[in-house]
Protein chains: 4
Amino acid sequence: MNKITILIHCKDQRNIIASITNFISKKEGNIVYIDQHVDREQNIFFMRLESEFITSDFSTEAFKEAFEIHLANKFNMKWRIHSSAVKPKMALFVSKYDHCLYDLLGRYNSGELFLEIPFIISNHNDLKSITDNFNIPFYHIPVTKDNKEEAENKQLELLEEYQIDFIVLARYMQIISEKLIEKYPNKIINIHHSFLPAFVGAKPYHSAYKRGVKIIGATSHYVTEELDAGPIIDQGVARVSHTHSIEDLIAKGRDLEKIVLANAVKLHTNRKVMVYNNKTVIFS
Amino acid sequence: MNKITILIHCKDQRNIIASITNFISKKEGNIVYIDQHVDREQNIFFMRLESEFITSDFSTEAFKEAFEIHLANKFNMKWRIHSSAVKPKMALFVSKYDHCLYDLLGRYNSGELFLEIPFIISNHNDLKSITDNFNIPFYHIPVTKDNKEEAENKQLELLEEYQIDFIVLARYMQIISEKLIEKYPNKIINIHHSFLPAFVGAKPYHSAYKRGVKIIGATSHYVTEELDAGPIIDQGVARVSHTHSIEDLIAKGRDLEKIVLANAVKLHTNRKVMVYNNKTVIFS
Amino acid sequence: MNKITILIHCKDQRNIIASITNFISKKEGNIVYIDQHVDREQNIFFMRLESEFITSDFSTEAFKEAFEIHLANKFNMKWRIHSSAVKPKMALFVSKYDHCLYDLLGRYNSGELFLEIPFIISNHNDLKSITDNFNIPFYHIPVTKDNKEEAENKQLELLEEYQIDFIVLARYMQIISEKLIEKYPNKIINIHHSFLPAFVGAKPYHSAYKRGVKIIGATSHYVTEELDAGPIIDQGVARVSHTHSIEDLIAKGRDLEKIVLANAVKLHTNRKVMVYNNKTVIFS
Amino acid sequence: MNKITILIHCKDQRNIIASITNFISKKEGNIVYIDQHVDREQNIFFMRLESEFITSDFSTEAFKEAFEIHLANKFNMKWRIHSSAVKPKMALFVSKYDHCLYDLLGRYNSGELFLEIPFIISNHNDLKSITDNFNIPFYHIPVTKDNKEEAENKQLELLEEYQIDFIVLARYMQIISEKLIEKYPNKIINIHHSFLPAFVGAKPYHSAYKRGVKIIGATSHYVTEELDAGPIIDQGVARVSHTHSIEDLIAKGRDLEKIVLANAVKLHTNRKVMVYNNKTVIFS
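Residues numbered from 1 in each chain as written. Chains lettered and ligands numbered in written order. Predicted model: local features only at pLDDT ≥ 70, side-chain atom pairs only at ≥ 80, totals over all residues. Heavy atoms only, no water.

Visitor: Report on the overall build of chain A, specifying residues and quantitative values.
Guide: The number of helices and strands found in chain A is eight helices and 13 strands. With respect to the principal axes defined by its C-alpha atoms, chain A has extents near 60 × 40 × 35 Å. Within the span of chain A, comprising 284 residues, buried residues form 60% of the whole. A total accessible area of about 11800 Å² is found for chain A, and carbon and sulfur atoms account for 47% of it. Each charge class in chain A was averaged separately, 35 positive and 35 negative side chains, and the resulting centres sit 5 Å apart. (Helix = DSSP H or I, 4+ residues; strand = E, 2+ residues; numbered from the N terminus. Buried < 20%, exposed > 50% of the residue type's maximum accessible area, 1.4 Å probe, protein only. Areas by Shrake-Rupley, 256 points an atom, 1.4 Å probe, with all protein chains shown as cover. Lys, Arg positive; Asp, Glu negative; His and termini not counted. Charge placed at Lys NZ, Arg CZ, Asp CG, Glu CD.)

Okay, here's the thing in structure tokens:
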């Protein structure tokens, strides 16, 4: 049996839901999940739909072609269709912090994540032994003021060679270049260690401590050119008090960061995220 | 323009979503919201759908009739159709605690709730002055060991006279009789002051204190014959510590109770709750 | 029996805790609560202490005098001593939103709050009927561009006449003047409808909607000259999603605002808040 | 410099705080942290105090002796004094689930935990490769109906040989025997995968699913003879909905379990937990 996930957005129009369900019905598909959202401010329609096809001669490619001609063009849709048979390939970028790395690799090893990790890139060598234990290739690509472009080209080569689908910055402590962002639009997931939009940029726990907040947070988002300003995928929070030092905030924050980043990875690989207007629609 | 909300559940079957959307399309309805859920354990299909009809001669009654004949019978559906023009009528039952009463009446007065409150029933007179201030009729129906049936009959008379749609027990400190429950199945909302199924029955904060829990909760649920065992609509929690006395738990709990009860009332009146197998499906 | 609460802060010094406890012991006081905090960054010592005195001739004034001479001067302390016999007097400032007003008055009426409300000030007449129902004097003091100083003088007169201890801005929609802030330093509590420091200023729910955050918040803080930048007393948060309109955020936010404001009022009147460096120490 | 942590509980008595602080002052100790709690129901006094001693000839043993003679006996205290120089030794018991193991070892490796892990015991061999990667000795001690006593004796031998201070059951799927519990009273920490006291015993996520709860939880507690009924150290919760299958609850629960267990380990090793009446006092 074939199972596909369809993600659509377009201007909201009459009869659009009936047209889509009809189309699938005629292709002998059985809809097993449908969810939709209309942004009333912008008048945009969003839909996520899972459908099963039991006919032995079903071809995802042929379905896509028909979908485009008979449906997408008519409603002027932006759309993606994913076969559930294909595991997305994730590249992990890390620096020196290990908590998100341990957490993601632990989940990966336990079979919790629907993805492959062909390799890990780091600008430092510190975490090599961890990735060795998990038997994942580790590429040390140092980044300095002088070698930025060279380093980036090495990264791009690896990403292309392994046909990477999306990138996860697991506390990678370097600014990602425009070139990379343009090649992977809404496909680079970052974890920022604050409750965005509060405390953009470096040392957010220091700023949170200084401001005396009573709750700290972490935010996973897609990387865009503006720093820490991309579409938010998930956020988490934890209570703190005057008794917590900056080090305590950092330690508490680690627990938030790993959970919030893992949530984003799962939502992304389960094809539950759509992006528009620098915001996300997260389907259930 | 007419707007209706359709709630359906039945055995999961092929083509059911397409059949429903088609039917509405043929009736010249425009689907503005669709959400569905399949319980894979029980193989049950649930759907909530909102549709607008711009034709001037649209009749909800005629639509219901056609829906039953052409769709519901075929798929053996259980279904409800609500017109968005009709505000549900809520009867409030209270005793001596005033926090849920203040909260609901405050929201009601501000226009936050889509409902009418024709009257309030209480087995005590303590809260009469509050309801007077809000200009809502107050019926004092004392309940004793000896007059239970009589009291209940008075309640039933009022409920019928005012054509009440659902009942909210806002910390009403009496057991509701089988007769009332049978007349209003999944239409009596209670707020229990614990995180069910922990601490069923009387004095849950005392039990929570004794057990030394670090989090307390409140639960809104539909009343069934078994005490505090009905389908859960919403739950809320709050952190507590050894520094909290029983009185502190009770005070903290009041804030949970009023929020969790108000959420349940809003979900119910927005037709977002379906009940089956003593559980709820809560649509977004 | 007399009970007092002592709040102290000063440079951290050796033997300070022993000196304080000794002093109270010699005055025949029994310490029933002690909590302390040291800010290691700034090397500041904070303490909150409750003590009971059973001697019939105990005088809070005499104790204060001795405390200053024998203890406070020696350690160069800033300190406050409150007798538990005295209820603080709170002035409520409101405009048009009623949810915080209903919530505070409901709690006040139920005896949950240790305070008196001599009067309510509003720049609009909308909420007069509510305060009438609770039998609290209502002063309508309109504020326009032209009458700001005059309005403020009326407010100050009332505050002095009734010997107000602290002010609560329950969604009061006017900027408080420097003069008032200087007269009531760390004694004016505001509720801001965002998770500060995100979304300072007007229309924070609109900004939160636009940014696409997944969690919204509310913040109670003391008013200082810089807008929404004063010491934070409490914060609360709630999950939201793409399905929530701005109106939904506002409705969800109301529930946060009233709880977070009430918490701040309780912490303040229970003498559990100390302010320094634009931050708060909140004792348990 | 020497630093010690003192934990005391006894009947509440007049002048107890002053007596303790005085005693330390006379020993030339500087109190750097003091917190206390009085259980008004039971009239029990609890205190946690950290003190520094700069005298070069300070001896923890001599201090303990003097403390017992001059203070503890007088007030009939139960007390413990820990030197901050000594890292507690933790034995980890696991079975087949790896998420808590990964999480604890990741934290251990990063230096987040103040403890030593001399060895890991498991009744299965599944997780050996993980502990190998972290270079921690792994003892496979199978437990069957027939060899229970023998297995337990092997465990006890190891615990004694390595002078273990406390045991952590990181999803260890065996009932701990009375003998072990008696040897390590309030020193065996378990993580139960429900919001206790709801869903005691096996398969709590299945029960939570069946009951249709809207929030799930995890509870860390000390092991006592009664199953899942020991003193609660920490609890965590997460929202769930009808869309979550049992497998989803289990996956969401894993994140709760690891955080809540790690919190308990940190509180225990930081000497912040006191137990009485089957409840805990958790100092800040």
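Visitor: Outline the pattern of salt bridges, listing residues and values.
Guide: If you walk through the whole model with that rule in mind, you get 60 salt bridges over all chains. Between Glu160(A) and Lys183(A) there is a salt bridge, and its shortest N-O distance comes to 2.5 Å. Here Glu160(A) is found in helix α5 (residues 148–161), whereas its partner Lys183(A) is found in helix α6 (residues 178–183), with 23 residues between them in sequence. Residue Glu160(A) is classed as partly exposed on the basis of its relative accessible area, which comes to 45%. Its relative accessible area of 42% is what places Lys183(A) among the partly exposed residues. Between Arg107(D) and Asp255(A) there is a salt bridge whose closest N-O contact spans 2.8 Å. Of this pair, Arg107(D) sits in helix α3 (residues 99–109) while Asp255(A) is found in helix α8 (residues 246–269), placing the two residues in two different chains. (Salt bridge = Lys/Arg side-chain N within 4 Å of Asp/Glu carboxyl O.)

Visitor: Account for the UniProt feature "domain: ACT" (unreviewed entry) in chain A, naming residues and giving values.
Guide: Taking the numbering used here, the UniProt-annotated feature "domain: ACT" (unreviewed entry) corresponds to residues 5–86 of chain A. Note that residues 5–86 of chain A is 33% helix and 41% strand, and that its end C-alpha atoms are spaced 11 Å apart. (UniProt positions renumbered as here; feature names shortened; annotations may be inferred.)

Visitor: Outline the interface of chain A and chain D, supporting the account with residue identities and numerical values.
Guide: Listed per partner, the contact involves 14 residues of chain A and 14 residues of chain D. Between chain A and chain D lies a buried interface of about 1400 Å² when both sides are counted; carbon and sulfur atoms form 42% of it. Contact with chain D buries area across many residues of chain A, yet Tyr102(A), Asn133(A) and Asp255(A) alone supply 34% of it, more than any other trio. Inspection of the chain A/chain D interface yields six salt bridges. At the boundary of chain A with chain D, the tally comes to eleven residue pairs in polar contact (both at pLDDT 80 or more). Residue assignment for the side of chain A that touches chain D shows that the elements contributing at least two residues are α3 (99–109) and α8 of chain A. For the side of chain A that touches chain D, the element with the most residues is α3(A), which contributes five residues. (Contact = heavy atoms within 4.5 Å. Buried area = accessible area lost by both parts, 1.4 Å probe. Polar contact = N/O pair within 3.5 Å; in protein donor to acceptor, adjacent residues only side chain to side chain.)

Visitor: Help me get a handle on the domain arrangement of chain A, residues and values and all.
Guide: Residue and element names in this part refer to chain A. Domain parsing of chain A yields domain 1 (2–83) and domain 2 (89–282). Look at where the C-alpha atoms of domain 1 and domain 2 centre, and you get two points 31 Å apart. Residue-level contacts link 13 residues of domain 1 with nine residues of domain 2. Both sides together, the interface formed by domain 1 and domain 2 hides about 930 Å², and carbon and sulfur atoms give 61% of it. Viewed at the interface, domain 2 and domain 1 are joined by zero salt bridges. (Domains from an automatic or database assignment.)

Visitor: Can you lay out the relation of the copies chain B and chain D for me, pointing to particular residues and giving the numbers?
Guide: Superposition of chain B onto chain D requires a rotation of 180° combined with a translation of 0.0 Å along the rotation axis, giving an RMSD of 0.0 Å. The two molecules are tied by a two-fold rotation axis, judged by turn and shift. Relative to the rotation axis, the C-alpha of Ala198(B) is the closest in chain B, positioned 2.3 Å from it. When you check the interface residues of chain B against chain D, 100% turn up at the interface there too, and the contact is symmetric in its surfaces. (Least-squares fit on C-alpha atoms with pLDDT ≥ 70 in both.)

Visitor: Hey, could you go over the relation of the copies chain A and chain D for me, with residue numbers and the actual values?
Guide: Each copy of the sequence occupies a distinct position, and chain A is placed on chain D by a rotation of 180° and an axial shift of 0.0 Å, giving an RMSD of 0.0 Å. In this assembly the copies share their binding face: 100% of the residues contributing to the interface of chain A also contribute to that of chain D.

Visitor: I'd like to hear about the packing of aromatic side chains, residue by residue, with values.
Guide: This structure, assessed with the given rule, holds 54 aromatic pairs over all chains. When the centroid spacing of 4.5 Å and the interplanar angle of 55° are considered together, the rings of Phe46(B) and Tyr276(B) count as tilted. Of this pair, Phe46(B) sits in strand β3 (residues 44–53) while Tyr276(B) is found in strand β12 (residues 273–276), placing the two residues 230 residues apart along the sequence. A residue is classified by how much of its surface remains accessible, and Phe46(B), at 0% relative accessible area, is buried. A residue is classified by how much of its surface remains accessible, and Tyr276(B), at 8% relative accessible area, is buried. Between Phe195(B) and Phe195(D) the ring centres are 4.1 Å apart and the planes differ by 50°, which places this aromatic pair in the tilted class. (Phe/Tyr/Trp six-rings, centres within 6.5 Å; stacked < 30°, edge-to-face > 60°.)

Visitor: Before we move on, can you summarise the sheet that holds strand β7 (residues 138–140) of chain A with the specific residues and values?
Guide: Residue and element names in this part refer to chain A. Strand order in the open sheet made by the seven strands is β7-β6-β5-β8-β9-β10-β11, with mixed pairing throughout. Taken across any chain shown, the strands that pair with only one partner, and hence form the sheet edges, are β7 and β11 (232–239). On average, each strand axis in the sheet is inclined to that of its neighbour by 20°, with strand direction left out of account. The sheet contact formed by strand β5 (residues 89–94) and strand β6 (residues 116–122) spans five bridges and is parallel. Note that in β6 the partner of Leu92 across the bridge is Ile120. Along the sheet face, α3 touches β5, β6, β8 (166–169) and β9 (188–192) and points at about 165° away from the line of β6. Across the sheet, α5 is in contact with β5, β6, β7 and β8; its angle to β6 comes to roughly 175°. (Pairing = 2+ DSSP bridges. Axes fitted to C-alpha atoms, helices over the stretch in contact; angles between N-to-C directions.)

Visitor: Describe the sheet that holds strand β5 (residues 89–94) of chain B, naming the residues involved and giving the relevant values.
Guide: All names here are of chain B. The mixed open sheet is built from seven strands, whose spatial order is β7-β6-β5-β8-β9-β10-β11. Of all the strands in the sheet, the pair left with one neighbour each is β7 (138–140) and β11 (232–239). Sheet twist, expressed as the mean angle between neighbouring strand axes with direction ignored, is 20°. Both β5 and strand β8 (residues 166–169) contribute to a ladder of four bridges, which runs parallel. Bridge pairing links Ala91 to Ile167 in β8. Strands in contact with helix α3 (residues 99–109) are β5, β6 (116–122), β8 and β9 (188–192); relative to β6, the strand with the most contacts, it is inclined by about 165°.

Visitor: Can you break down the side chain of Ser19(B) residue by residue, with the values?
Guide: Residue and element names in this part refer to chain B. With respect to the helices and strands, Ser19 occurs in helix α1 (residues 16–26). Classification of Ser19 as buried rests on a relative accessible area of 17%. Polar side-chain contacts of Ser19 include one of 2.7 Å to the backbone oxygen of Asn15. When sequence neighbours within four positions are dropped, the list of residues in contact with Ser19 reads Leu71, Lys74 and Phe75.

Visitor: Lay out the pairing of β9(A) in plain terms, naming residues and giving numbers.
Guide: All names here are of chain A. The element β9 is extensively covered by neighbouring structure, given that five of its five residues are classed as buried. Here three bridges tie β8 to β9, and the two strands are oriented parallel to one another. Counted as the bridge partner of Leu169 is Asn190 from β9. A crossover connection joins β8 to the parallel β9 through α6; in handedness this β-α-β unit is right-handed. In this sheet, strand β10 (residues 215–222) lies alongside β9 in antiparallel orientation, the contact comprising four bridges. In the strand pairing of β10, Ile191 is matched with Ser220. (Right-handed = clockwise from strand over helix to strand, strands pointing away.)

Visitor: Break down the nonpolar core for me, citing the residues and quoting the values.
Guide: Burial of nonpolar side chains together is a common tendency in soluble globular proteins. Core analysis: the largest hydrophobic core is formed by 185 residues, its most contacted members being Leu92(A), Leu92(B), Leu92(C) and Leu92(D). Those residues in contact with Leu92(B), other than ones at most four positions away along the chain, are Leu101(B), Leu104(B), Leu105(B), Ile117(B), Phe119(B), Ile120(B), Ile121(B), Val168(B) and Ala170(B). (Core = buried A, V, L, I, M, F, W, Y, C linked by side-chain atoms within 4.5 Å.)

Visitor: Talk me through the interface of chain B and chain D; I want residue IDs and the actual numbers.
Guide: Each partner contributes residues to the interface: chain B has 34 residues there, and chain D has 34 residues. Carbon and sulfur atoms supply 56% of the area that chain B and chain D bury against each other, a total of about 2800 Å² over both sides. Area buried by chain B at its contact with chain D is led by Arg211(B), Lys214(B) and His242(B), which between them contribute 25% of it. Counting the contacts that link chain B with chain D gives two salt bridges.

Visitor: Explain a nonpolar patch on the surface to me, and be specific about the residues and the numbers.
Guide: Together, Ile175(A), Val200(A) and Leu227(A) line one region of the surface with nonpolar side chains, adding up to about 290 Å² of accessible area. Within the secondary structure, Leu227(A) is located in the loop between β10 and β11. (Patch = residues over 30% accessible without salt bridge, like charges linked within 9 Å, V, L, I, M, F, W, Y side chains within 5 Å.)

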